[in-house]
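A closer look at the structure
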Amino acid sequence: MSAAIGALRDRAFTHRRRRGAELFLLVLSLVVGVGAYAAVGLGVEGTVPPDIFAYGGWLAALCIGCHVAVRYLAPYADPVLLPVISALNGLGLAIIHRIDLGYEAKGIEIGPFADNQLQWMTLGAVLFVVVLLVVRDHRRLQAFTYTFGFAAIVLLLLPLMPVIGRSINGSRIWIGLGPFSFQPGELAKVMLVLFFAGYLVVHRDALALAGRRFAGIDFPRGRDLGPILAMWLVSLGVLVFQKDLGSSLLFFGLFLVMLYVATERPGWLVVGTVMFLVGAFVANLVVSHVQSRVDSWLHPFAYDPDQGVPQLVSGLYGMAWGGLVGRGLGQGDPTITPLGFSDFIMASIGEELGLTGVMAVLLLYGLIVERALRTALVCRDAFGKLVATGLGVVFALQVFVVVGGVTRLIPLTGLTTPFLSSGGSSLVANWAIIALLLRISDQARRPLPELTEPEQDDATQVVKLS
Amino acid sequence: MSELTLMLIRFAYLAILWIFVLSAISVVRSDMFGARIESTPRADRRAERRREKESRNRVKPAKRPRGAPTHVQIVEGANEGESASLDHAPLLIGRGADAAIRLDDDYVSTRHARIASNGDQWFVEDLGSTNGTYIGSHRLTQPTTIQLGSKIRIGKTTLELRK
């Protein structure tokens, strides 16, 4: 028997640490980030920016700091995630800097955003290390399931509070503390994933097996589904109240996918899609906010003299002008599109780096999602599996919603492009998400401890008592 | 800045971007198929050193009072003459591979007994062995204190606490 177990262990997949590969990719990612900064300088001003060494040094320090932290705190963690986010973040910084320069040249007085973004990135990297330091074992988080659920609700409600809540661009999703403003919904996203995962791990058998069959689909009992459904309705209701369509879409999709993954019932996807279609149709008829979004999606070229050229159209023209290989960094004119540094950063990338650049960026997002799902597959405990899946799905949905919106595949709803677009709360929360994923993958890829089996040789002889 | 240089910069940057993407993918690929069990001599040596360091770290060189026992001596039986330091307490006695005091005695169970201390006293505890653990002629049913010179009989082996 022990031989069979030994053979099984030899055949079992043993992961290497791959920290060297991570360092190599990190250096390449720095070339991507700092190279973009240099190319922007060359394109706009004709010279390499004088502060390139300070800038590059700072980025390098952040990357190396995170790498060292991973080496010590999560030595078996996935080697691809950290370099990918470092590259995306570096590219985003360069594009934002480029748009700052564009605004400056035109004399438009907004920004600069790049300095702010660099500060937030620093904060994000610090939070990344702190999460790795504090969360030594992700399974401990399961003990705080309901705490996370409660915290998520509180965070979602905060912007509606009278004193600290702030309304920017028509959405009341910000809180302001002095000069700082923050989007608590971004952190609530992470906490909701943890809550859903913790709840579903405990109740998934009841959800999948107990219940009655109706119209070919097994519906679970109310007492099993109740708490999570209530939780989800509250978060969704809050978001609709705050006119944050993108986030409500994100939470809905996240809830659906996690329910499907936990119960292995494809029926949920059918039910969810039907619910979504009905909900979207009704919202289109009733809510004016939704109506205007759908209108500008269906008829983007309808010209309104008061509004000027719609944002969506100028973004589309920008991407068309970029073509296959783009205008070159600093050679396009992405400042024409409003919010070209945040919501429409994909359009700016499309304009300056072309389809080739956009594809590279989308592939990087694909890699993040792939690594998250791979972590979920390798992970040994159900809670970790669900958390990793949920976090991966958050990225996938967020990129789909925002890029689909910018490219006019679906109606435009405001969501940040992870790691690229200017916006501190989203950046910081995403760094924390990656730290959580690395923690889970470290646990998952760590080789099993050597178990010395007791020797199964001849049995102990019994002393004969006379 | 000439048109040509700008074009070169543009393509060079796209190339850098794609080199990064492709090398990330190649790392993913090698992660999928290239997982090996580290068994090169170098890795073995490294693992050996790590284990040594760990075992060294685990040892707490607690100051023991003068006159306290420092090791267990096997005074009778197949392993006569061997001894084990009490620094690594609790000590497992048995025939199994994980026992700290391993006895080649057919009358000893795989995990037979344990010697542990509560700080100032030493105890011996039977771990549900087949033939029992004796002090003198008394078969142990619960953890029992032992002093210097107490003779513990396990199977055909006798152990003694020594200074």
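Residues numbered from 1 in each chain as written. Chains lettered and ligands numbered in written order. Predicted model: local features only at pLDDT ≥ 70, side-chain atom pairs only at ≥ 80, totals over all residues. Heavy atoms only, no water.

**As for a nonpolar patch on the surface**
There is a patch of nonpolar side chains on the surface, built from Val270, Val274, Val278, Phe281, Val282, Leu285, Val286 and Val287 of chain A and spanning about 730 Å² of accessible area. Position of Val274 of chain A relative to the elements: it lies in helix H10 (residues 267–286). (Patch = residues over 30% accessible without salt bridge, like charges linked within 9 Å, V, L, I, M, F, W, Y side chains within 5 Å. Areas by Shrake-Rupley, 256 points an atom, 1.4 Å probe, with all protein chains shown as cover. Salt bridge = Lys/Arg side-chain N within 4 Å of Asp/Glu carboxyl O. Helix = DSSP H or I, 4+ residues; strand = E, 2+ residues; numbered from the N terminus.)

**Examining the sheet that holds strand S5 (residues 113–117) of chain B**
Spatially, the five strands line up as an open sheet ordered S4-S3-S5-S6-S9 (chain B), and their pairing is mixed. The strands lining the two open edges of the sheet, one partner per strand, are strand S4 (101–102) and strand S9 (144–146) of chain B. (Pairing = 2+ DSSP bridges.)

**A look at the confidence of the model for chain B**
Counting all residues, the mean pLDDT for chain B is 79, and 83% of those residues have values of 70 or more. No element of chain B has a lower mean pLDDT than helix H2 (residues 41–58) of chain B, which averages 68, and none a higher one than helix H1 (residues 3–33) of chain B, which averages 90. (pLDDT = per-residue confidence, 0-100.)

**So, the interface of chain B and chain A**
The parts lose accessible area when they come together, and the size of an interface is often stated as this lost area. Contacts between the two partners involve 37 residues from chain B and, on the opposite side, 54 residues from chain A. In total, chain B and chain A occlude about 3900 Å² of area from one another, counting both sides; carbon and sulfur atoms represent 67% of this. Interface area lost by chain B to chain A is led by Tyr13, Phe20 and Asp31 of chain B, which between them contribute 18%. Counting across the chain B and chain A interface gives three salt bridges. We note a salt bridge from Arg18 of chain A to Asp31 of chain B, for which the minimum N-O separation is 3.6 Å. Inspection of the region where chain B meets chain A yields six residue pairs in polar contact (both at pLDDT 80 or more). Top contributing element to the side of chain B that touches chain A by residue count: H1 of chain B, with 20 residues. Grouping the constituent residues of the side of chain B that touches chain A by class yields 22 nonpolar, seven polar and eight charged. (Contact = heavy atoms within 4.5 Å. Buried area = accessible area lost by both parts, 1.4 Å probe. Polar contact = N/O pair within 3.5 Å; in protein donor to acceptor, adjacent residues only side chain to side chain. Nonpolar A, V, L, I, M, F, W, Y, C, P; charged D, E, K, R; others polar.)

**With respect to the environment of Arg172 of chain A**
Residue and element names in this part refer to chain A. Among the structural elements, Arg172 can be located in strand S2 (residues 171–177). Classification of Arg172 by relative accessible area gives partly exposed; the value is 27%. Here the alpha-carbon distance between Arg172 and Leu158, two residues 14 residues apart in the chain, equals 9.9 Å. When residues no more than four places from it in sequence are discounted, the contact partners of Arg172 are Pro159, Leu160, Met161, Pro162, Gly165, Arg166, Ser167 and Gln242. (Buried < 20%, exposed > 50% of the residue type's maximum accessible area, 1.4 Å probe, protein only.)

**As for empty space enclosed by the protein**
In this structure the tally under the stated criterion is three cavities of 30 Å³ or more. The space that makes up the largest cavity amounts to roughly 70 Å³. Every residue lining the largest cavity is listed: Ala39, Gly43, Gly328, Leu329, Gln331 and Leu353 of chain A together with Leu6, Ile9, Arg10 and Tyr13 of chain B. Within the residue set of the lining of the largest cavity, elements represented by two or more residues are helix H2 (19–45) of chain A together with H1 of chain B. Examining the composition of the lining of the largest cavity, we find that four residues originate from one element, H1 of chain B, more than from any other. One number sums up the size of the second largest cavity: a volume of about 50 Å³. Around the second largest cavity, the lining residues are Leu26, Leu62, Cys63, Cys66, Leu82, Ser86, Met121, Ala125 and Trp431 of chain A. At three residues, helix H3 (residues 52–73) of chain A tops the list of elements feeding residues into the lining of the second largest cavity. A per-class count over the lining of the second largest cavity returns eight nonpolar, one polar and no charged. (1 Å grid on protein atoms, 1.4 Å probe; cavity = no way out; pocket = protein on both sides within 12 Å on 5 of 7 lines; lining within 4 Å. Points joined across faces, edges and corners; volume = space filled by probe spheres on them.)

**So, the sheet that holds strand S1 (residues 71–76) of chain B**
Residue and element names in this part refer to chain B. Reading across from one edge, S2-S1-S11-S10-S7-S8 is the order of the six strands in this open sheet, with antiparallel pairing throughout. Whereas interior strands pair on both sides, the edge strands pair on one side only; in this sheet they are strand S2 (83–85) and strand S8 (138–139). Examined bridge by bridge, strand S7 (residues 133–135) and S8 share two bridges and lie antiparallel to one another. Pairing of Tyr134 across the sheet is with Arg139, part of S8.

**With respect to unusual backbone geometry**
Residue and element names in this part refer to chain A. Of note in the backbone geometry, Leu339 takes a positive phi value of approximately 60° without being a glycine. Given the relative accessible area of 26%, Leu339 is considered partly exposed. Even without glycine at this site, Arg408 takes up a positive phi of about 65°. Inspection of the secondary structure puts Arg408 in the loop between helix H14 (382–406) and helix H15 (424–445). For Arg408, a relative accessible area of 32% puts it in the partly exposed group.

**Structural notes on the packing of aromatic side chains**
Enumeration according to the criterion identifies 13 aromatic pairs over all chains in this entry. Ring geometry for Phe144 of chain A and Phe148 of chain A: centres 6.5 Å apart, planes at 80°, overall edge-to-face. A relative accessible area of 40% places Phe144 of chain A in the partly exposed class. Classification of Phe148 of chain A as buried rests on a relative accessible area of 14%. One aromatic cluster in this structure is built from Tyr146, Phe195, Phe196, Tyr199 and Phe255 of chain A. Positioned above the aromatic ring of Tyr134 of chain B is the side chain of Arg153 of chain B, whose terminal nitrogen or guanidinium carbon lies 4.7 Å from the ring centre. (Phe/Tyr/Trp six-rings, centres within 6.5 Å; stacked < 30°, edge-to-face > 60°. Lys NZ or Arg CZ within 6 Å of the ring centre and 35° of its normal.)

**Regarding the pattern of salt bridges**
All names here are of chain A. A complete count under the given rule lists 15 salt bridges over all chains for this structure. Ionic pairing is found between Glu186 and Lys189, a salt bridge with its closest N-O pair at 2.8 Å. With Glu186 and Lys189 both in helix H7 (residues 184–209) and three residues apart, the pair spans about one turn of that helix. We note that Glu186, like Lys189, is buried.

**Notes on the packing of H7 of chain A against H14 of chain A**
Residue and element names in this part refer to chain A. At a closest axis distance of 9 Å, the pairing of H7 and H14 adopts a crossing angle of 140°. Relative to H14, H7 is oriented oblique. Considering only the axes of H7 and H14, their crossing is right-handed. The residues of H14 that touch H7, namely those facing Lys189, Val193, Leu194, Ala197, Gly198, Leu200, Val201 and Arg204, are Ala382, Phe383, Leu386, Val387, Gly390, Leu391, Val394 and Gln398. Taken together, the residues of the contact of H7 with H14 break down into 11 nonpolar, three polar and two charged. (Axes fitted to C-alpha atoms, helices over the stretch in contact; angles between N-to-C directions. Parallel < 35°, antiparallel > 145°, perpendicular 65-115°, else oblique. Left-handed = near helix turned anticlockwise from the far one by under 90°.)

**Details of the nonpolar core**
As a rule of thumb, nonpolar side chains are buried together in soluble globular proteins. By size, the foremost hydrophobic cluster in this structure holds 137 residues, and its most contacted members are Phe128, Ile368, Trp431 and Ile434 of chain A. Residues within four places of Trp431 of chain A in sequence aside, it is in contact with Cys66, Leu82, Ile85, Asn89, Met121, Gly124, Ala125, Phe128 and Phe419 of chain A. Ile74, Leu86, Ala113 and Val124 of chain B belong to the second-largest nonpolar core, a separate cluster that totals 19 residues. (Core = buried A, V, L, I, M, F, W, Y, C linked by side-chain atoms within 4.5 Å.)

**Some thoughts on the side chain of Glu352 of chain A**
Residue and element names in this part refer to chain A. With respect to the helices and strands, the residue Glu352 is situated in helix H13 (residues 345–378). Using a relative accessible area of 1% as the deciding quantity, one classes Glu352 as buried. Polar contacts involving the side chain of Glu352 include one to the main-chain amide nitrogen of Gly332, which spans 2.8 Å. Every residue in contact with Glu352, bar those within four places of it in the chain, is listed here: Arg98, Val325, Gly326, Arg327, Gly328, Leu329, Gly330, Gln331, Gly332, Asp333 and Pro334.

**Description of the pairing of strand S11 (residues 157–162) of chain B**
All names here are of chain B. With five of its six residues buried, S11 lies for the most part within the structure. One ladder, built from five bridges, connects S1 with S11; its direction is antiparallel. Looking across to S11, one finds that Glu76 is bridged to Thr158. Examined bridge by bridge, strand S10 (residues 151–154) and S11 share four bridges and lie antiparallel to one another. Note on S11: the bridge partner recorded for Lys151 is Glu160. Between S10 and S11, which pair antiparallel and follow one another directly, the connecting turn spans two residues, one of which, Gly155, has a positive phi of 60°.

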